[in-house]
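Here is what each chain is made of, one letter per residue.
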Amino acid sequence: MSEYDELCLEVFLKKQRQLFPENVAETPEEAEDFLDMCMASVCKNIREVRDCFDEYGADLAGMTKDDLEHAQEVFPLPDGRYLVVLA
């Protein structure tokens, strides 16, 4: 089973242009393939988002919780989780 449920795929399809200049996926299947390829992460809270950025080697010095929530790589999900696409 995929890490990316229907909600993740729906949000990514709707908001993918916040990160990319043009759509990278048109269908849920394409979105799932793209997210798999990018090794995107689904985080249950903002602490996990910070950990994800840390693992990627991003410099988070001075970034607040609000900064992280509004980073272009972070897609907040309606259920409180976050999809993080560090492509």
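An account of the accompanying structure is given in this report. This one's a predicted model, so the numbers in the text were calculated from it and none came from an experiment.

1. Quick word on the side chain of Gln16
1) Next: Along the polypeptide, Gln16 turns up in the loop between helix H1 (6-15) and helix H2 (28-38).
2) Next: A polar atom in the side chain of Gln16 sits 3.2 Å from the backbone oxygen of Leu13.
3) Next: Setting aside residues up to four positions removed in sequence, Gln16 forms contacts with Asn23, Val24, Ala25 and Phe75.

2. A word on the pattern of salt bridges
1) Next: Tallying each qualifying case throughout the model produces 5 salt bridges.
2) Next: For the salt bridge of Lys65 with Glu69, the shortest nitrogen-to-oxygen distance reads 4.0 Å. Taken as a pair, Lys65 and Glu69 lie in helix H4 (residues 65-69) at a separation of 4 residues, close to a single helical turn.
3) Next: Asp79 is paired through a salt bridge with Arg81; the nearest N and O atoms lie 2.8 Å apart.
4) Next: Residue classification places Asp79 among the partly exposed residues on the basis of a relative accessible area of 43%.
5) Next: Here Arg81 falls in the buried class, since its relative accessible area comes to 18%.
6) Next: Because the salt bridges share partners, they merge into one network encompassing Asp5, Asp79 and Arg81.

What counts and what doesn't
- Here the residue numbering is sequential within each chain, running from 1 through the sequence in written order.
- Residue-level local features of this predicted model are given only where pLDDT is at least 70; pairs of side-chain atoms are given and counted only at 80 or more, and the full residue set underlies all totals for whole chains, interfaces and linings.
- The side-chain numbers reported here are obtained from all heavy atoms of the structure, hydrogens and water having been left aside.
- A run of DSSP states H or I qualifies as a helix once it reaches four residues; a run of E qualifies as a strand once it reaches two. Both are numbered from the N-terminal end.
- In protein, a polar contact requires one atom able to donate a hydrogen and another able to accept it; more generally it is a pair of N or O atoms within 3.5 Å, and residues adjacent in sequence count only if both atoms are side-chain atoms.
- Any two residues having at least one pair of non-hydrogen atoms within 4.5 Å are treated as being in contact.
- Every case where a carboxyl oxygen of Asp or Glu lies within 4 Å of a side-chain nitrogen of Lys or Arg is listed as a salt bridge.
- When accessible area is computed with a 1.4 Å probe and restricted to protein chains, residues below 20% of their type maximum are described as buried, those above 50% as exposed, and intermediate ones as partly exposed.

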